[in-house]
Amino acid sequence: MKNFEAITNQTYTFGNCNICDARCCDGSRGSTFSQLILSDFEVVFKNFPIVFLLGELGYLKPVVLLSNGKGFCRYIKDMKCVIYDERPSVCKLYPLSPHLDNKTYIDTTCPAVNELGNPITKEGVVQKDFFHKSLIGYQDKYIDTHNHFEQFNNKNYLEEVITINENIFYKFKEHFNDDFIKMHLNSLHHIDDYFTTT
Ligand code: SF4
Ligand code: SF4
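Reading the values: the criteria
Residues numbered from 1 in each chain as written. Chains lettered and ligands numbered in written order. Predicted model: local features only at pLDDT ≥ 70, side-chain atom pairs only at ≥ 80, totals over all residues. Near = placed C-beta within 6 Å. Nonpolar A, V, L, I, M, F, W, Y, C, P; charged D, E, K, R; others polar. Pairing = 2+ DSSP bridges. Helix = DSSP H or I, 4+ residues; strand = E, 2+ residues; numbered from the N terminus. Buried ≥ 20, exposed ≤ 12 C-beta atoms within 10 Å, placed from the backbone.

Visitor: What am I meant to see in the site of ligand 1 here?
Guide: The local shell around ligand 1 consists of C17, C20, A22, R23, C24, Y94, P95, C110, P111 and A112. The class makeup of the residues in the shell around ligand 1 is nine nonpolar, no polar and one charged.

Visitor: Would you mind showing me how to read the sheet that holds strand β10 (residues 118–122) here?
Guide: Taking strand neighbours across the sheet as the criterion, the three strands line up as β2-β10-β11 in an open arrangement whose pairing is antiparallel. Two strands in the sheet have a free side with no partner beyond their single neighbour: β2 (12–14) and β11 (125–126). As judged from the three bridges shared by β2 and β10, these two strands associate in the antiparallel manner. The partner of F14 across the bridge, within β10, is N118.

Visitor: Just checking my understanding: could you explain unusual backbone geometry for this structure?
Guide: A cis amide bond links Y94 to the next residue, P95, at an omega of 10°. Take P95: it is sitting in the loop between α2 (89–93) and β8 (96–98). Not every positive phi belongs to a glycine, and E123 is a case in point at roughly 45°. Within the element layout of this structure, E123 appears in the loop between β10 and β11. In this model, N165 sits at a positive phi of 50°, which is unusual for a non-glycine residue. Take N165: it is sitting in the loop between β12 (158–164) and β13 (167–172). A count of 10 C-beta atoms within 10 Å places N165 in the exposed class.

Right, here's the structure in full:
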């Protein structure tokens, strides 16, 4: 399983993915779903299901389902990502991850972290080769996403679509003429490719 730690002023290096069996793409090792922000939708809905979690306090959280929680993402072939340019930002950023607190976190279970190689961070600053625009202003993007879906946060508008590892995921019953909900609904056919629906 993953272990994300906040980066303060540390220097981390990154070795080589050749030493690893793509554990970051494996649902049995923690890559099942990931939170989305609005700007992620347009890329993600083409290849993955976008569904919703009802988080603590009843907030609606859009997430991408990366796997069925038991095996690999279906876009891994011979330990390589076959949608590399169109992979979700969570994959582009890994082993880094932005957070609501506006800090960047790093997964210290990635076997390449702190191996001999290029620096990912120097004294807390993310280096150019590992930088992604999603790392900037994540808190604002998260709040914008939250506010957007809060207007539709009504259990009568939702129904359960799939349960994975005891997490219940929801879909909207209609699109409300909202572009993001339309992309979510359009993405649901990917569930059949991966999963057994409830
Ligand atoms: S990023 Fe880390 S976990 Fe993912 S394939 Fe490379 S070494 Fe493995
Ligand atoms: S999209 Fe690519 S990088 Fe992301 S989990 Fe799937 S195979 Fe791995």
